[in-house]
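# Inside the fold
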Amino acid sequence: MSKTVETEGALETRGIEQVPDRERTAKTRELFPTWVGANISVLLLTMGASLVVAYHLNIWQALVVAAAAPIVSYGLVGLIGIAGKRGGAPGMALSRAVFGQRGNLLPGSLIWVARWGWETINAVTGAYAMLVILDILFGLKANSVLDMVALLVFVVATFAISGLGINAVQKCNKYATYFFGLFSVLVLVYLAVNTNWSKVTHHGGGSTAAVITGVGMIAAGGVSWIPSAPDFTRYLPRTASSKAIVGTAVGGAGVVVLPMVLMGAVMAVSTPDLASATDPVSFLGEILPTWIAVPYLFIALVGMLLINSMSMYSAGFTAQTLGFKVPRHWAVSVNAVISLIFGGVLMLVATSFMSSFIAFLSLLAVAFSAWVGVFGADMFRRTEYDGEAMADTTRTSAYWYKGGFSPAAVAAWAIGLVSGLMFTTSDWFTGPLAQNNVIGEYGLGWVATIVISGLLYLVLPKPAVVRQAGAGELAAERATVDA
């Protein structure tokens, strides 16, 4: 990320306020490692294995899923990221212009809470990677105490990186991209040489519904980044290429998702237990030789660290938009503590990591998609965002609308959210409309959420953006009248 007045030091001090045009000197190509780093996760291997074991797809169908998922999800990430260059502010701050100053608290709260789960999953996965490395190198076997120590170290490191800000996140992503690429090639070569390809290529295929559901499962991780997309594009100048913003998002995610999902699918043929493992990373130490497993696990650990750092970086902005009157880096600490607590519970209590993870993904996608539908539809009619109005949380704000709410946005969001949940199936919750229809059977509840909330917002009457007179202006008007 190019240096700016606010970010030239080690600690980024800017919060949710709009970035001045003179400081918006970043380049779109710098987004590529951002979205590479957002996907360096061994969970993609286990999800790829699930395509074979749980969804019964063959390797060719898994290839279709692995190619389609990042195009769908990160295409949306890139499109919403365009709002960042238009408004120069984080996604949930720009969202005030759509939902109103008070109305934005509703989707903002849900997205913030959903991030708790996402960060907890990432923290636990990172801790597991650390435990496997300790086991391979030093023979230290996991136990409850060591589990909690590993989790604590991971969360503290995450807080350190995300607390420093965008420069630290971007620099770490850049170097992690190089190392991940190198060791992924090594793993691919090893699998190519040591895999029974006859068994892999002759594996039976699954249904079309399973393929589409698989795309949704893999895409759900990308959907979770959509509200955060403007957080990483707000330093781009207004003249930055919109096509490049979308292209770097899809490309950066695709170069990771495609090979990782395919590797997981190939591994699952010889190790079907991979898809249901309580520990989602220990299998790497069993399948790969030590000279590959250790550095690859280390890169995976760094990848999970970066993913969580990016998530907490955005969560800090969300907390500020919800009214936390603290600097951004301290707002980040709230999510760090929450992920530590929830992560400890998951590591000590959960019996099946992947089933819990996939159930969480299905609900996470719907929770984020309701906001995506409304905000995305609003981008068709809004190309500018008033920084002063976004920062003003009183009734004098141009984004106050009716009592602090935009009725059209809030109604479309709520109806879309409820409708999407009604079509969703998971181990934790099954909606009443999840059976006997294409939307439910194909796992398209999150797509229905985007479409319903977006269309409703487009057709509902929107309140006018009217700048109200501030206290000083009102006093001046009264003085003029009295004179």
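Rules behind the numbers
- Position numbers for residues start from 1 in each chain and track the written sequence from start to end.
- Two thresholds apply to this predicted model, a pLDDT of at least 70 for residue-level local features and 80 or more for giving and counting side-chain atom pairs, whereas whole-chain, interface and lining totals are computed over all residues.
- Hydrogens and water molecules were not included; the side-chain quantities draw on all heavy atoms of the structure.
- In this description a helix means any DSSP run of H or I spanning at least four residues, a strand means any run of E spanning at least two, and both kinds are numbered starting from the N terminus.
- Note on definitions: a residue-residue contact is assigned when non-hydrogen atoms from the two residues lie within 4.5 Å.
- Across the chain, each position has a pLDDT score giving the predictor's confidence in that residue, from 0 to 100.
- Convention adopted: a line fitted to C-alpha atoms gives each axis, helices being fitted over their contacting stretch, and angles between N-to-C directions are expressed from 0 to 180 degrees.
- When describing relative orientation, an angle under 35 degrees is termed roughly parallel and one over 145 degrees roughly antiparallel, while 65 to 115 degrees is termed roughly perpendicular and anything else oblique.
- Helix crossings are classified by the rotation of the near helix relative to the far one: an anticlockwise turn of less than a right angle makes the crossing left-handed, while a clockwise turn makes it right-handed.
- Basically, the charged four are Asp, Glu, Lys and Arg, the nonpolar ten are Ala, Val, Leu, Ile, Met, Phe, Trp, Tyr, Cys and Pro, and anything else, Gly included, counts as polar.
- Nonpolar cores were defined as sets of buried Ala, Val, Leu, Ile, Met, Phe, Trp, Tyr and Cys residues, with membership established by side-chain atoms within 4.5 Å.
- Classification of residues uses two cut-offs on accessible area relative to the type maximum, computed with a 1.4 Å probe and protein chains only: under 20% is buried, over 50% is exposed, and between them is partly exposed.
- Here a salt bridge means any side-chain nitrogen of Lys or Arg lying within 4 Å of a carboxyl oxygen belonging to Asp or Glu.
- Residues enter a patch when their relative accessible area is above 30% and they make no salt bridge; the linking distance is 9 Å between like charges and 5 Å between nonpolar side chains (Val, Leu, Ile, Met, Phe, Trp, Tyr).
- A 1.4 Å probe and the Shrake-Rupley method give the accessible areas. Residues count as covered only by the protein chains that appear here.
- Expected span of a helix: the number of residues minus one, times 1.5 Å.

### Quick word on the overall build of the protein
Within the protein one finds 20 helices and zero strands. A fraction of 86% describes how many contacts in the protein between residues 6 or more apart in sequence connect residues 24 or more apart.

### Concerning the confidence of the model for the protein
When pLDDT is averaged along the protein, the result is 83; 89% of the residues meet or exceed 70. Note that pLDDT drops below 50 for residues 1-9; the model gives that stretch 31 contacts with residues more than four away or on any other chain. Segment residues 470-483: pLDDT under 50, and four contacts once partners within four positions in sequence are set aside and those in other chains are kept.

### Some words on the packing of helix α3 (residues 59-87) against helix α10 (residues 208-223)
Where α3 contacts α10, the axes come no closer than 8 Å and their chain directions differ by 40 degrees. Considering the angle they form, α3 stands oblique to α10. Crossing of α3 over α10 shows right-handed handedness. Side by side, α3 and α10 meet where Q61, V64, V65, A68, A69, S73, Y74 and V77 of the first sit next to V211, G214, V215, I218, A219, G221, G222 and V223 of the second. Taken together, the residues of the contact of α3 with α10 break down into 11 nonpolar, five polar and no charged.

### Some points on the nonpolar core
In this structure, W35, I218, W225, W371 and F375 are the most contacted members of the largest nonpolar core, which totals 143 residues. The element that contributes the greatest number of residues to this core is helix α13 (residues 290-321), accounting for 15 residues. Other than its neighbours up to four places away in sequence, W371 contacts I80, G91, M92, S95, F99, P107, I111, I226, P227 and W413. Core analysis: the next-biggest nonpolar cluster, separate from the first, contains seven residues, W112, A315, A319 and L322 among them.

### Looking at the pattern of salt bridges
A full pass over the atoms with the stated rule returns seven salt bridges. A salt bridge links D21 to R238; the nearest nitrogen and oxygen atoms lie 3.1 Å apart. Separated by 217 residues along the polypeptide, D21 in the segment before α1 (32-37) and R238 in the loop between α10 and α11 (242-270) bring together distant segments of the chain. Owing to a relative accessible area of 46%, D21 belongs among the partly exposed residues under this scheme. As a salt-bridge pair, R382 and D378 come within 2.7 Å of each other at their nearest N and O atoms. Residue R382 shares its accessibility class with D378, and that shared class is buried.

### A short note on the side chain of T213
Positionally, T213 belongs in helix α10. When its relative accessible area of 19% is taken as the criterion, T213 is described as buried. Beyond its immediate chain neighbours, meaning those up to four positions away, T213 contacts Y55, E441, Y442 and G443.

### Side note on the packing of helix α8 (residues 166-194) against α13
In the contact formed by α8 and α13, the axes pass within 9 Å of each other and the chain directions differ by 150 degrees. Where α8 crosses over α13, the handedness of that crossing is left-handed. Facing I166, V169, C172, N173, A176, F179, F180, F183, S184, L186, V187 and Y190 of α8, the residues of α13 in contact are I292, P295, Y296, I299, V302, L306, M310 and Y313. Broken down by class, the residue content of the contact of α8 with α13 amounts to 18 nonpolar, two polar and no charged.

### Regarding unusual backbone geometry
For Y401, which is not glycine, the phi torsion reads 55 degrees and is therefore positive. Mapped onto the elements, Y401 comes out in the loop between α16 (387-391) and α17 (407-422). Judged by its relative accessible area of 13%, Y401 is buried. Of note, the phi angle at N436 is positive, near 60 degrees, even though the residue is not glycine. Mapped onto the elements, N436 comes out in the loop between α17 and α18 (438-441).

### As for the side chain of S224
Residue position: S224 is located in the loop between α10 and α11. When sequence neighbours within four positions are dropped, the list of residues in contact with S224 reads R115, W118, L364 and F368.

### Considerations on a nonpolar patch on the surface
Taken together, V337, I341, F342, V345, L348 and V349 make up a surface patch of nonpolar side chains, about 560 Å² in accessible area. Relative to the helices and strands, V345 resides in helix α14 (residues 328-349). Overall, V345 belongs to the partly exposed group, its relative accessible area being 47%.

### Things to note about helix α6 (residues 105-138)
With 34 residues, α6 extends 48 Å from end C-alpha to end C-alpha; this agrees with the ideal 50 Å at 1.5 Å per step. Most of α6 sits inside the fold, with 24 of its 34 residues counted as buried. G139 sits one or two residues past α6 and shows a positive phi near 70 degrees.

### As for α13
For α13, spanning 32 residues, the distance from its first C-alpha to its last is 46 Å, which sits close to the expected 46 Å at 1.5 Å a residue. Burial of α13 is extensive: 27 of the 32 residues sit out of reach of the surface. The first or second residue beyond α13 is G323, which carries a positive phi of 110 degrees.

### A word on the environment of V374
Tracing the chain through its elements places V374 in helix α15 (residues 353-378). When the C-alpha positions of V374 and V451 are compared, they lie 9.1 Å apart, and in sequence the two are 77 residues distant. Look past the residues within four positions of V374 in its chain and what remains in contact with it is V98, F99, A409, A412, W413, S453, G454 and Y457.

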